[in-house]
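# Structural overview for review
Below are the chains, spelled out letter by letter.
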Amino acid sequence: MDEKGQSRISRRYDYLDALRGLALISMILYHGVWDLVYIGNVDWKWFRSDAAFIWQQSICWTFVLLSGFCWMFGRRRLKRGLIVLGAGLLTSLVTWSFTYNERVTFGILTFLGTAMLVMIPLEKVLGKIPAKAGCVLGFALFLITRGINDEYLGFGPAEIIRLPHGWYQKGLFMTFFGFTDEAFYSADYFSVFPWIFLFVTGYFLYRIARDRNLLDKIADVVPRLPFSALGRHSLLIYLLHQPVMYLVLVLLGVIKTPG
């Protein structure tokens, strides 16, 4: 890659990282409230409302779409995928060891790392699909499979096909893919399906933007944005924000430690 091409990628990452930084701030605020409600036993009924669910989903969608969008950047895709997957496994290990009641199994980092690795061979097939058609198809499949954890395919609460209950009694292996065992619990759960389709949608959105030269056009008019530094260190911030926030709430006396 020539110097000019590298400069363009740096400029693109600046405003994309700013979006990721904003999502990080929203996530930290959401998790702070989650700690207050579910660990600190603060009675805030709004947090169990549809509005709070939309807030939570906006964070999830942003991270998954951006990860799919940015997957094509850089050449060390295998290394990046393994690092993120390893961070997800570390998160699971720590939460299972120290906060079992709030344990994380198959969380967002485990999913993103898996998606990054799966995309390496999958891109050979996806690369042959027209970007617009792939984007529409990917997003449609995401919407249709949104209810897969609840044993159906459909649109939102509208059930079209009921899936066999036996598929959901196969333990962690099938739970990983989205066929959630009824005994499974995780404070943060992102199965391969439906979320891989949203990740793929982000990949096709990148191709559309690239083909129309939108990335460079945006970089030419958008100034350097705040929060981009947060976005560039999103993995580290994600790993550290919950322990730091938990410690702060304990020191403030909002959360009582056992014993």
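Below or above, wherever it landed, is the structure these notes cover. Counting starts from 1 at the beginning of each chain's written sequence and moves along it residue by residue. This being a predicted model, a pLDDT of at least 70 is required before a residue's local features are given, and a value of 80 or more before pairs of side-chain atoms are given or counted; all residues contribute to the totals for chains, interfaces and linings. To obtain the side-chain values, all non-hydrogen atoms of the structure were used and water was disregarded.

## Overview of the overall build of the protein
- Here a strand is any run of E in DSSP of at least two residues, a helix any run of H or I of at least four, and the numbering for each starts at the N terminus. A count of helices and strands for the protein gives 10 helices and 2 strands.
- Compactness check: the protein gives a C-alpha radius of gyration of 19 Å against a globular reference of 18 Å for 259 residues, within 12% of the reference.
- Relative accessibility under 20% of the residue-type maximum defines a buried residue, over 50% an exposed one, and the middle range a partly exposed one, all with a 1.4 Å probe and only protein chains included. Looking at the protein as a whole, 45% of its 259 residues are labelled buried.
- Residue pairs in contact within the protein that sit at least 24 positions apart in sequence constitute 71% of those at least 6 positions apart.
- If you sum the accessible surface of the protein, you get close to 14500 Å²; carbon and sulfur atoms cover 67% of it.
- When charges are counted, neither His nor the chain ends are considered; positive counts come from Lys and Arg and negative counts from Asp and Glu. Here the site of a charge means NZ on Lys, CZ on Arg, CG on Asp, or CD on Glu. Averaging the positions of the 26 positive and the 18 negative side-chain charges in the protein gives two centres separated by 9 Å. Radius of gyration here is computed from C-alpha atoms only, and the compact-globule reference equals 2.2 Å multiplied by the residue count raised to the power 0.38. Between two residues, a contact is recorded if the distance between any of their heavy atoms is within 4.5 Å. Here the accessible surface of atoms and residues is derived via Shrake-Rupley with a 1.4 Å probe, and residues count as covered only by protein chains that are part of the display.

## Some details on the side chain of T201
- Residue position: T201 is located in helix α7 (residues 192-211).
- Here a polar contact means two N or O atoms within 3.5 Å. Within protein one must be a hydrogen donor candidate and the other an acceptor candidate, and residues neighboring in sequence count only if both atoms are side-chain atoms. At 2.7 Å, the side chain of T201 forms a polar contact with the backbone oxygen of F197.

## Comments concerning the pattern of salt bridges
- By definition, a salt bridge exists where a carboxyl oxygen of Asp or Glu is found within 4 Å of a side-chain nitrogen of Lys or Arg. This model, assessed by the stated rule, comprises 4 salt bridges.
- Ionic pairing is found between E159 and R162, a salt bridge with its closest N-O pair at 3.0 Å.
- Residue R162 is classed as partly exposed on the basis of its relative accessible area of 46%.
- Ionic pairing is found between R210 and D211, a salt bridge with its closest N-O pair at 3.3 Å.
- Judged by relative accessible area, which is 52%, D211 ranks as exposed.

## Here's the deal with the packing of aromatic side chains
- Here a Phe, Tyr or Trp ring, Trp counted by its six-membered ring, pairs with any other such ring whose centre lies within 6.5 Å, and the pair is stacked when the planes are under 30 degrees apart, edge-to-face when over 60, and tilted otherwise. According to the stated counting rule, one finds 24 aromatic pairs in the structure shown.
- For the ring pair W167 and F179, a centre distance of 5.6 Å and an interplane angle of 90° mean the geometry is edge-to-face. Remark: F179 occurs in the loop between α6 (172-177) and α7 and W167 occurs in the loop between β2 (158-162) and α6; sequence separation between them is 12 residues.
- Residue classification places W167 among the partly exposed residues on the basis of a relative accessible area of 39%.
- Judged by its relative accessible area of 14%, F179 falls in the buried class.
- An aromatic cluster is defined as three or more aromatic residues linked by ring pairs; in this entry it consists of Y30, W34, Y38, W44, W46, F47 and W55.
- The ring of W71 has R77 lying over it, and the distance from NZ or CZ to the ring centre is 4.6 Å.
- A cation over an aromatic ring shows up here: R103 above the ring of W96, its NZ or CZ 5.4 Å from the ring centre. We call a charge positioned above a ring when the Lys NZ or Arg CZ atom is no farther than 6 Å from the ring centre and deviates by at most 35 degrees from the ring normal.

## Here we look at α7
- Compared with the 28 Å implied by 1.5 Å per residue over 20 residues, the 28 Å span of α7 between its first and last C-alpha is a close match.
- When you tally the buried positions in α7, you get 16 out of 20 residues, the bulk of the element.
- One or two residues past the end of α7 sits N213, with phi positive at roughly 60°. One fewer than the residue count of a helix, multiplied by 1.5 Å, yields its expected span.

## Observations regarding the pairing of strand β1 (residues 152-155)
- When β1 meets β2, the two strands line up antiparallel, connected through 4 bridges. Pairing of Y152 across the sheet is with R162, part of β2.
- The antiparallel hairpin formed by β1 and β2 contains 2 residues in its connecting segment, where G156 sits at a positive phi of about 60°. Should DSSP find at least two bridges between two strands, the strands are taken to pair.

## Let's talk about the packing of helix α5 (residues 131-144) against α7
- Here α5 crosses α7 at 160°, and the two axes come no closer than 8 Å. Here α5 lies roughly antiparallel to α7, going by the angle between them. For α5 against α7, the interelement crossing comes out left-handed. Where α5 abuts α7, its residues A131, K132, G134, C135, G138, F139, L141 and F142 lie against P194, W195, F197, L198, T201, F204, L205, R207, I208 and D211.
- Note on residue classes: Ala, Val, Leu, Ile, Met, Phe, Trp, Tyr, Cys and Pro are nonpolar, Asp, Glu, Lys and Arg are charged, and everything else, Gly too, is polar. Taken together, the residues of the contact of α5 with α7 break down into 12 nonpolar, 3 polar and 3 charged. Inter-axis angles, ranging from 0 to 180 degrees, are taken between N-to-C directions of lines fitted to C-alpha atoms, where helices are fitted over the stretch in contact. An angle below 35 degrees is treated as roughly parallel, one above 145 as roughly antiparallel, one from 65 to 115 as roughly perpendicular, and anything else as oblique. Left-handed describes a crossing in which the near helix is turned anticlockwise from the far one by less than a right angle; the clockwise case is right-handed.

## Looking at the environment of D17
- Residue position: D17 is located in helix α1 (residues 3-39).
- Overall, D17 belongs to the buried group, its relative accessible area being 5%.
- Between the C-alpha atom of D17 and that of L230, which follows or precedes it by 213 residues, the distance is 7.3 Å.
- D17 has contacts with F227, S228, G231 and R232, leaving out every residue within four places of it along the chain.

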